[in-house]
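Architecture and fold: a report
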Amino acid sequence: MTEALSSFSMDMFSLAGKTAIVTGGNKGLGQAYAAALAKAGADLFVISRSGDWQETEKLIEETGQKAVFFQADLSNRTKIKEAVDACLNEYGKIDILVNNAGTIRRAPLLEYKEEDWDAVLEVNLNSLYLLSQEAAKVMAEQKSGKIINIASMLSFQGGKFVPSYTASKHAVAGLTKAFANELAESNIQVNAIAPGYIATDNTAAIRSDEKRNAEILSRIPAGKWGQAADLMGAVVFLASDASSYMNGHLLAVDGGWLVR
C-alpha cells in the first residue's frame, strides 16, 4: 500500500507524446478541450465542420504542440473513416478521442419537424458511435486509449423544446457505459463530461433573455455561468493516466446545478 501511494506523481497528468482527436474543436468548448490537451503535452487532430480554425490553431501553436486540422461534416458518415485514416497517416496512433461535435434544434414538441430530429441524432449520436467504434479498433490494438464523450445536463433531465437533443444526450450517457464495459479489458477508459450552463455562442440567446437568464442563475449554487476554461481541467484528467481506474463515469461540471 505504501509503495503504491509513493508511486503517485503529477506526471500522471502529463499527456506528453499522446495524440488526441477533438471533434468540433474550432470554437467554444471544443476549442477549450483542444487547447487544454495541448497545454498538457498532446498533439492534436482537430475535426471541424467549418474551416474557420485559425484561433484554435494559434492556441495550440502557443503551447509548442503540433496541430492538424481536418474539415468534415460528421453527419456525412463516409467522412468518419476518412478522418481516422488521416489521423493515423499523420501520427500513426490515436491515444485520446474527445467526441465534442454536436448540434441542437429548438421547437415545441407538437411542432417539431422530423428532419430536425434526424439531423440532431445523426451528429450527436450516430457520428459519436461510429467515430468511437473506429477509434476503439485502433486503441484495442494499442492496448490503451481514452474516449471522452460530451454529455449534458440533459443527459439527466428532460428539458423543454429540445426533444432530439435530450434523446441524443441520454443516449450518449448510455453509450459511454456500454463502451466502457466492453473496452475496459483492452485498457481503454470511456468516460463523459457533462457541462452545465456555460457561456458560449450556443447559449448567447438564453443569456440575453433577462427572465430566462435570471431563472438559470437562481438554480446554480455557484451563482454564475460557467466559462469554457472551467472544463479544461476535467478533460485533461480524463485523458491522463490519473483517471485510469475511472470507467463509464459521467463527470458533471455544472456549478452545482444537479444537486440543487
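Conventions and cut-offs
As a convention, each chain's residues are numbered from 1 in the sequence order in which they are written. The predicted nature of this model means local features are confined to residues of pLDDT at least 70 and side-chain atom pairs, given and counted, to a pLDDT of 80 or more, with totals for whole chains, interfaces and linings taken over all residues. The side-chain figures draw on all heavy atoms in the structure; neither hydrogens nor water molecules are used. Stacked, edge-to-face and tilted are the three classes for Phe, Tyr and Trp ring pairs, Trp counted by its six-membered ring, which pair at centre distances within 6.5 Å; planes under 30 degrees apart are stacked, over 60 edge-to-face, the rest tilted. Per the convention used, a helix needs a DSSP run of H or I reaching at least four residues, while a strand needs a run of E reaching at least two, with both numbered from the N terminus. Three exposure classes are used, based on accessible area relative to the maximum for each residue type with a 1.4 Å probe and protein chains only: buried under 20%, partly exposed in between, and exposed over 50%. Look at NZ for Lys and CZ for Arg. If either is within 6 Å of the ring centre and within 35 degrees of the ring normal, a charge sits over the ring. UniProt positions are given in the numbering used here, feature names are shortened, and annotations may be inferred rather than shown by experiment. In this analysis, the protein atoms alone were mapped onto a 1 Å grid. Cavities are point sets where a 1.4 Å probe fits without being able to get out; pockets are open sets with protein on both sides within 12 Å along at least five of seven lines; lining residues have an atom within 4 Å of a point. Grid points are joined across faces, edges and corners, and a volume is the space filled by probe spheres set on the points. Strand pairing is assigned whenever DSSP detects at least two bridges linking the two strands. Clockwise travel from the first strand over the helix to the second, with the strands pointing away from the viewer, marks a crossover as right-handed. A helix is expected to reach a length of 1.5 Å times the quantity of its residues less one. A contact between two residues is defined here by any heavy atoms of the two lying within 4.5 Å. Lines fitted to C-alpha atoms define the axes, with helix axes restricted to the stretch in contact, and inter-axis angles between N-to-C directions lie between 0 and 180 degrees.

Our next topic: the packing of aromatic side chains. Overall, the coordinates contain six aromatic pairs when judged by the stated rule. Relative to Phe 237, the ring of Phe 13 has its centre 6.5 Å away and its plane inclined at 35°; by these criteria the two rings are tilted. Taken together, the positions of Phe 13 in the loop between helix 1 (2-6) and strand 1 (19-23) and Phe 237 in helix 9 (residues 232-239) put the pair 224 residues apart, joining distant regions of the chain. For Phe 13, a relative accessible area of 27% translates into the label partly exposed. Relative accessible area serves as the criterion here: at 24%, Phe 237 is assigned to the partly exposed category. Centre to centre, the rings of Trp 53 and Phe 69 are 5.2 Å apart; their planes meet at 20°, and the pair counts as stacked. Taken together, the positions of Trp 53 in the loop between strand 2 (43-48) and helix 3 (54-61) and Phe 69 in strand 3 (residues 67-71) put the pair 16 residues apart, joining distant regions of the chain. Here the two residues Trp 53 and Phe 69 agree in accessibility, since each one is buried. Taken together, the ring pairs in this structure connect Tyr 197, Trp 225 and Trp 257 into an aromatic cluster. The lysine or arginine in question, Arg 207, covers the ring of Trp 225, its NZ or CZ lying 5.8 Å from the ring centre. Sitting over the face of the ring of Trp 257, Arg 219 holds its NZ or CZ atom 4.2 Å from the ring centroid.

Let us now look at the UniProt feature "domain: Ketoreductase" (unreviewed entry) in the chain. Per the UniProt record, "domain: Ketoreductase" (unreviewed entry) is annotated on residues 18-187. In residues 18-187, helix accounts for 49% and strand for 15%; the two terminal C-alpha atoms are 15 Å from one another.

Attention shifts here to empty space enclosed by the protein. For the structure shown, the criterion picks out one cavity of 30 Å³ or more. The calculated volume of the largest cavity comes to roughly 40 Å³. It is helix 5 (residues 114-142) that provides the largest number of residues to the lining of the largest cavity, a total of four residues.

Below, the discussion takes up the pairing of strand 4 (residues 96-99). The alternating pattern of strand 4 places Ile 96 and Val 98 on one face and Leu 97 and Asn 99 on the opposite face, and all of these are buried. As paired elements, strand 1 and strand 4 share three bridges and run parallel to each other. When the sheet's bridge partners are listed, Val 22 is paired in strand 4 with Val 98. The pairing of strand 4 with strand 5 (residues 145-150) spans four bridges and is parallel. Within strand 5, the position partnered with Asn 99 by the bridge is Asn 149. Taking the sense of rotation as the criterion, the β-α-β connection linking strand 4, helix 5 and strand 5 turns out right-handed.

Okay, unusual backbone geometry next. A negative phi angle characterises most non-glycine residues, just as the trans form characterises most peptide bonds. Although it is not a glycine, Lys 143 sits at a positive phi angle of roughly 65°. By the secondary structure assignment, Lys 143 is in the loop between helix 5 and strand 5. For Asn 187, which is not glycine, the phi torsion reads 60° and is therefore positive. Note on placement: Asn 187 falls in the loop between helix 6 (163-183) and strand 6 (188-195). With a relative accessible area of 40%, Asn 187 lands in the partly exposed category.

For the rest of this paragraph, the subject is helix 6. Helix length check: helix 6, at 21 residues, gives a terminal C-alpha distance of 30 Å against a target of 30 Å (1.5 Å per residue), a fit within 8%. Of the residues making up helix 6, those classed as buried are Ser 164, Tyr 165, Thr 166, Ser 168, Lys 169, Val 172, Ala 173, Leu 175, Thr 176, Phe 179, Ala 180 and Leu 183. Those residues of helix 6 hidden inside the fold are in contact with helix 5, strand 5, strand 6 and strand 7 (250-253).

Attention shifts here to the sheet that holds strand 4. Within the open sheet, the seven strands sit side by side as 3-2-1-4-5-6-7. Their pairing is parallel. One side of each edge strand has no neighbouring strand; the edge strands of this open sheet are strand 3 and strand 7. Strand-to-strand twist in this sheet, taken as the mean axis angle between neighbours without regard to direction, amounts to 15°.

Another aspect to go through is the environment of Leu 29. Here Leu 29 is to be found in helix 2 (residues 28-39). Taking the relative accessible area as the measure of exposure, Leu 29 reaches 16% and is therefore buried. As a C-alpha pair, Leu 29 and Ile 150 span 121 residues in sequence and 9.8 Å in three-dimensional space.

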